[in-house]
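# Observations on chain architecture
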Amino acid sequence: MKRRLCFVLLTVFMVIFSFQVFAGGSGESDENALEFWCYWDKGHPNDLWMRQIIADFEKETGIKVNYSNPGANILLSVAPAISDGKAPDLIDGHCIEMIASLGNDGLLLPVEDLYKGSTWDGSGVFEDQFIDGTTTQGMYDGQRWFVPYCAHTSCFHYNKAEFEKRGWEIPETWDEFIAMCDELVAEGVAPIGLDNTPLYNAYWFYWFMERICGTGAFWELATDPTGAAWDNPDVLKAAQMVSDVSKYFISGWQGNVWPAGQIAWAQGQAIFHLDGSYIANELFDKVDEDFQFGAFPFPAIEGGKGDPASKEVSVMGFSIPKDAKHPDLAKKFIQFALQPKYQIALMETYYPTTFVGLEDEIPDYIKDVYAIITSDGPVHMMYDGLQSLGEWWSTVFYPVDNDLIYGNITPEEFVSRLKADTVAYLNK
Amino acid sequence: MSNSFKRNKKLALPFLLPSLVVYILFFIYPAVSGLFYSFFDYKGFTRDKTFVGISNFTEALSDKIFWGALLVNLKIMFFGGLFIFLLAFAFLIMYQCIAHFKSTFRALLFLPNIISPVAICILWGFVFNQNFGLLNNLLTSFGLEKLIVAWLAPEYIMVSLIFVIVWTYVGFYFVILVSGVSKIPDSVYESALLEGASPVQAFFKITIPMIWDVFTVAVVYWLISSLKMFELPFSFTGFKPRMEIWNIPIYIYMLGFGRNDAIYRIGYAAAIAVLLSIIVMIFVQISRKLMTRESIEY
Amino acid sequence: MEYRVNRAAKVFCYAVFILWCMIVILSLAWILLTSFKTNKELYQEIWKLPGSFNLDNYKKIWSLYDLSAFFLNSILVVPINVILILVLSVPAAFVLTRAEFRLRGFILSFFIFGMGIPVIIALFPTYFLLSDLHLLDSLTGLSFVYIATSLSFSIFMLHGFFGSYPVELDEAATIDGCTPFQSFMKVVLPLSTTGIITVTIFNFIGIWNEYMLALIFIRDETKRLLSVGIYALQASMQYTGDWVTLFAGVVLALLPLIVFFIFMADRIMDGLTVGAVKG
């Protein structure tokens, strides 16, 4: 009897609760709210940062924000919604992903007026706040559609304590760097710690191309339908250098699944680590107290045609879909979010700012990285922008590049195979 | 066919119709329209599609990565399946030899199935690590230093992956087989054992024939789920799967929906999905043909 | 039912089970213990026990995620889905196995065909369909998709179980004067308990863990399922390398499943006894 009563009560409860939960299809409750879909998964430090900005924005302007977190797979959520005419008003994420998905097809709204307008507090021109080269990566038809809130670079990371111990200075040239590596080998310490993942493996050839052949040369390799670009002897030299540097990698690196290689580096089993500037964010709470994050740019290579001062800058930030219902609200929000105080708040989790003039606010862990990003010199995109040619990049380049770095093929085979594969791909 | 089967005919329509309606409307209709994209060049961000005929299919057939991914699928299917079923049957015999803690053992064997694949992959990534991994520490302490390798390096990663797959899924198939055995009447075994049959004989003479249908279900389910396996291999090498372990579902994801270096070729991804569905159907039909037999007598 | 074997063989069998179960327990224990560590402890000594059992990681999850609300949604949606799947698939599997009519083989193959299709390929059209039906952002719409995509597997599985008991039972019921429907209710269902429970468990786990569709079809935070919460937790903790919090999340996600599984394991034992008596 008791059981039956329980059962009935439970059923009644479930039915009532069901009506509440299953009641469907509304969603578009507030027509005047700003619909913002965020790249950061719920609970990520940057999601919390964004929620704070939104709370302040709602309080200050009275505009409601419908905020949700599709997360790192945001474009998978955005794609069907945009096709279905239900575009959100505001999205964010990596610029390079936006270029490949929406930007190159002109599906994002130009924001030149926002850039030319004033900052939120009215004290200056909006675009003057940004580091050079961070606002111009997302362009369509001569107009910018992307507003960055964070700027990254890739470079060598090291523990300053290890350098002090050995009395080392930052290596300016590749030869100096290799000399340091040889010293470490003699000492019995692995010079370079790394994880085996195609994305990181590709850093090497890209940086050698950058320093030996200059910005744009790698892009040309991928887009030359005749394949003649591959015949340049400097390309072979870059491949040769990839092959040569791999002997300084920590033993067993091929078996390092991220984050194993990072851990080994953070524990001091290896001294150098070529990686993005988000490394401090990933490791700040895991290293010893005496671990001091240091970074130096990829060294210059003797005889290289590339500008040794050329720096990589890759940005994350906001975009407005072309079919957004409230583009003005979205612009207002972007203007609000890009205030110095929020950039300072962003750096609490060691994401480097995209603003100039915040030198005094930079945490120690990312000082070197910020110095690289703001240094004088031309800007180039990560991997020369080749991630926007996703298919060539991941189905033509990655497999051959991995074979080279694993030592399965010679640099000559690398060049001839990639030449043939690229020609075949471009003439498909 | 028996009479009762003919009598049950009356039930066919009312029993089938609700399922068919839901199944067709909410799965088959969208799935088939999705597969239709395979005849188009389609990026996914507008409704614009360009008809390209069968060129996506011809491209797939000459695509090295597709064939490589298929090979990975077949390796997982064959070797993973072999070890999973050998182990599951071995466990089954042993399960029938013991009297205590049976449900505990069964629950624990099944447990890895409900752990998130991401956690499983992080755990085994640490176990297999060359430098601080548990496995190599263990080998060292047994004096087997010769066997130490980088278990997740390209040469060995398939072995490690298949090991983790077997470890994770063997409990699932074991539970299916146990539920098959559970409906065999005890009397059948008792008479056989009275006649002096050993457990192994009883296993081959009674258990296998009696659970053949359930076994068929398990095999077919393995074929399908191994060919469609996504999450575990996807998480196995960190935040991005390394190419050595790209199987077809991972390739489909990379082609149509991936991130970082996404390709946005939903039409091509759909063409490969069509090929995958065909491959699955071929394996299912072959195995059902091979494994069907006359119904058993009690 | 068990074999009578000599002591050595018995010991061997126990040893094998205990060894295998130890590996499972140790891996779970590692996940559990790691969830009490700090990231620093994890990075410095992966296999060491935590210095102290601090609950910071759990507190962090509790403050960041509305897991209890997500949990309530899941605990409501998942059982209803599983029950509806059974209501639809058990009768369908029954007639597809134990009735004779035209198109039977075709319809069975048609259901099995669905198992070969990767669900992700149906993602865009399903989105458009739900949008046309005004079922986006609604758990009803999501449930229809879950039920439809689970039918193939469930029917196929039940087909295996229904196929494996003797025809004579049906006949006997017929002679007793049962209508086909009565014999289905009184003979077939009780005999298939284990099969039905197996299908229930697999569907429960499958839907409980599904997050991709739930993430894309549901925007409203108050309607989020636990799996999506756990997925977001995993993704953001993986991105920041906050492994210990990730493991705490894994433990929290596991607990309800383990409770469910222990409960269902008992039901299976019940099912076995019923089968033994009737068989």
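Within each chain, residue numbers correspond to sequence positions counted from 1 in written order. Note on labels: chains are lettered from A, ligands numbered from 1, in written order. Confidence filtering applies because this is a predicted model: local features only for residues at pLDDT of at least 70, side-chain atom pairs given and counted only at 80 or more, and all residues used for totals across whole chains, interfaces and linings.

## What about the overall build of chain C?
Counting from the N terminus, the helices are DSSP H or I runs at least four residues long and the strands are E runs at least two residues long. Scanning chain C from N- to C-terminus turns up 13 helices and zero strands. Across chain C, helices and strands are ordered from the amino to the carboxyl terminus as α-α-α-α-α-α-α-α-α-α-α-α-α. Dimensions along the principal axes, computed over C-alpha positions, put chain C at roughly 70 × 65 × 30 Å. With C-beta atoms placed from the backbone, a residue is buried if 20 or more other C-beta atoms are within 10 Å of its own, exposed if 12 or fewer are, and partly exposed between those counts. Within chain C, buried positions represent 53% of all 279 residues. Note that contacts rest on C-beta atoms placed from the backbone: two residues are in contact if these are within 7 Å. Sequence separation of 24 or more characterises 75% of the internal contacts of chain C that already satisfy a separation of 6 or more.

## Section: the interface of chain B and chain A
Between chain B and chain A, the residue contacts involve 29 residues of the former and 36 residues of the latter. Residue polarity follows a fixed list, in which Ala, Val, Leu, Ile, Met, Phe, Trp, Tyr, Cys and Pro are nonpolar, Asp, Glu, Lys and Arg are charged, and the others, Gly among them, are polar. Of the residues in the side of chain B that touches chain A, the class split is 14 nonpolar, nine polar and six charged.

## So, helix α10 (residues 193–209) of chain C
Each full turn of the α-helix corresponds to 3.6 residues, which orients residues three or four apart in the same direction. Taking 1.5 Å of rise per residue, 17 residues should cover 24 Å, and α10 of chain C covers 24 Å from first to last C-alpha, within 8% of that figure. Counting buried residues in α10 of chain C gives 13 out of 17 residues, a clear majority hidden from the surface. For a helix, the expected span equals 1.5 Å multiplied by the number of residues minus one.

## What about the sheet that holds strand β6 (residues 147–152) of chain A?
Residue and element names in this part refer to chain A. Pairing between two strands is assigned when DSSP locates at least 2 bridges connecting them. With mixed pairing, five strands are arranged side by side in an open sheet as β2-β1-β3-β12-β6. Both edges of this open sheet fall to β2 (65–68) and β6, since each of them pairs with a single strand only. On average, each strand axis in the sheet is inclined to that of its neighbour by 15°, with strand direction left out of account. Think of each axis as a best-fit line through the C-alpha atoms, taken over the contacting stretch in the case of a helix, with angles from 0 to 180 degrees between the N-to-C directions.

## A closer look at the packing of helix α8 (residues 157–181) of chain B against helix α11 (residues 212–227) of chain B
Residue and element names in this part refer to chain B. At a minimum axis separation of 9 Å, α8 and α11 run at an interaxial angle of 160°. In this view, α8 runs roughly antiparallel relative to α11, as classed from their interaxial angle. As for the relative orientation of α8 and α11, their crossing is right-handed in sense. Counting all contacts with α8, which are made through Tyr173, Ile176, Leu177 and Gly180, the residues of α11 involved are Val214, Phe215, Ala218 and Trp222. Within the contact of α8 with α11, the residues separate by chemical class into seven nonpolar, one polar and no charged. Roughly parallel here means an angle under 35 degrees, roughly antiparallel means over 145, roughly perpendicular means 65 to 115, and every remaining angle is called oblique. Here a crossing is called left-handed whenever its near helix is offset anticlockwise from the far helix by less than a right angle, and right-handed whenever the offset is clockwise.

## Considering the nonpolar core
Counting 330 residues, the largest nonpolar core has Tyr173, Leu177, Tyr251 and Ile272 of chain B as its most contacted members. Each of domain 1 (34–151 + 315–366) and domain 2 (154–312 + 389–426) of chain A contributes no fewer than three residues to this core. Those residues in contact with Tyr251 of chain B that sit more than four places away from it in its chain are Ile65, Phe66, Ala69, Trp246 and Ile272 of chain B. Connectivity within a nonpolar core runs through C-beta atoms within 7 Å, and the core itself is a set of buried Ala, Val, Leu, Ile, Met, Phe, Trp, Tyr and Cys residues. Domain segmentation is taken from an automatic or database assignment of domains.

## Looking at the domain arrangement of chain A
Its domain assignment divides chain A into domain 1 (34–151 + 315–366) and domain 2 (154–312 + 389–426). Broken down by class, the residue content of the side of domain 1 of chain A that touches domain 2 of chain A amounts to six nonpolar, one polar and no charged.

## Observations regarding the interface of chain B and chain C
Interfaces are often described in size by the accessible area the parts lose on coming together. Counting from both sides, the interface comprises 79 residues of chain B and, opposite them, 87 residues of chain C. With 18 residues, the top contributor of residues to the side of chain B that touches chain C is helix α2 (residues 9–36) of chain B. Its residues placed into classes, the side of chain B that touches chain C shows 55 nonpolar, 16 polar and eight charged.

## Let's talk about the sheet that holds strand β7 (residues 154–159) of chain A
All names here are of chain A. Pairing within the open sheet is mixed, and its four strands lie in the order β8-β9-β7-β10. Here the strands that pair on one side only, and so sit at the sheet edges, are β8 (190–192) and β10 (293–296). Sheet twist, expressed as the average angle between the axes of neighbouring strands with direction ignored, equals 30°. As defined by bridge partners, β7 adjoins strand β9 (residues 270–276) across four bridges and the pair is classed as antiparallel. Residue pairing in the sheet places His157 in a bridge with His273 of β9.

## Description of the packing of helix α13 (residues 248–256) of chain B against helix α14 (residues 266–291) of chain B
Residue and element names in this part refer to chain B. Remark: α13 packs on α14, axes separated minimally by 8 Å, with the N-to-C direction vectors making an angle of 165°. With respect to α14, the axis of α13 lies roughly antiparallel. The chirality of how α13 crosses α14 is left-handed. Contacts from Ile248, Tyr251, Ile252, Leu255 and Gly256 in α13 reach Ile266, Tyr268, Ala269, Ile272, Ala273 and Leu276 in α14. Its residues assigned to classes, the contact of α13 with α14 comprises ten nonpolar, one polar and no charged.

## Focus on the confidence of the model for chain C
All names here are of chain C. Per-residue confidence from the prediction method is given by pLDDT, with values spanning 0 to 100. Per-residue confidence for chain C averages 85 on the pLDDT scale, and 92% of its residues sit at or above 70. In the model of chain C, helix α13 (residues 243–278) stands out as the element of lowest mean pLDDT, 69, in contrast to helix α6 (residues 123–132), which has the highest, 94. Predicted confidence is poor over residues 272–279, with pLDDT under 50, and the contacts of this stretch with residues over four places away or in other chains come to 14 contacts. Under the prediction, the complex receives an ipTM of 0.89, its pTM being 0.92.

## A few points about the pairing of β9 of chain A
Residues and elements named next belong to chain A. The buried fraction of β9 amounts to five of the seven residues, a majority that puts the element mostly inside the structure. In this sheet, β9 lies alongside β8 in parallel orientation, the contact comprising two bridges. Among the inter-strand pairings, Ala190 is bridged to a residue of β9, identified as Ala270.

## A few points about the environment of Ile165 of chain B
Residue and element names in this part refer to chain B. By the element assignment, Ile165 lies in helix α8. By the C-beta count within 10 Å, which is 22 here, Ile165 ends up buried. With 81 residues separating them along the chain, Ile165 and Ile84 place their C-alpha atoms 8.7 Å apart. Dropping the residues within four chain positions of it, Ile165 is found in contact with Ile76, Gly80 and Leu232.

## Comments concerning unusual backbone geometry
All names here are of chain A. For the bond from Trp258 to Pro259, the omega torsion is 10°, close enough to zero to count as cis. Tracing the chain through its elements places Pro259 in the loop between α10 (233–245) and α11 (260–266). Positive phi, normally seen in glycine, also occurs at Asp141, with a value near 60°. With respect to the helices and strands, Asp141 occurs in the loop between β4 (139–140) and β5 (143–144). Residue Tyr350 is not a glycine yet carries a positive backbone phi of 65°.

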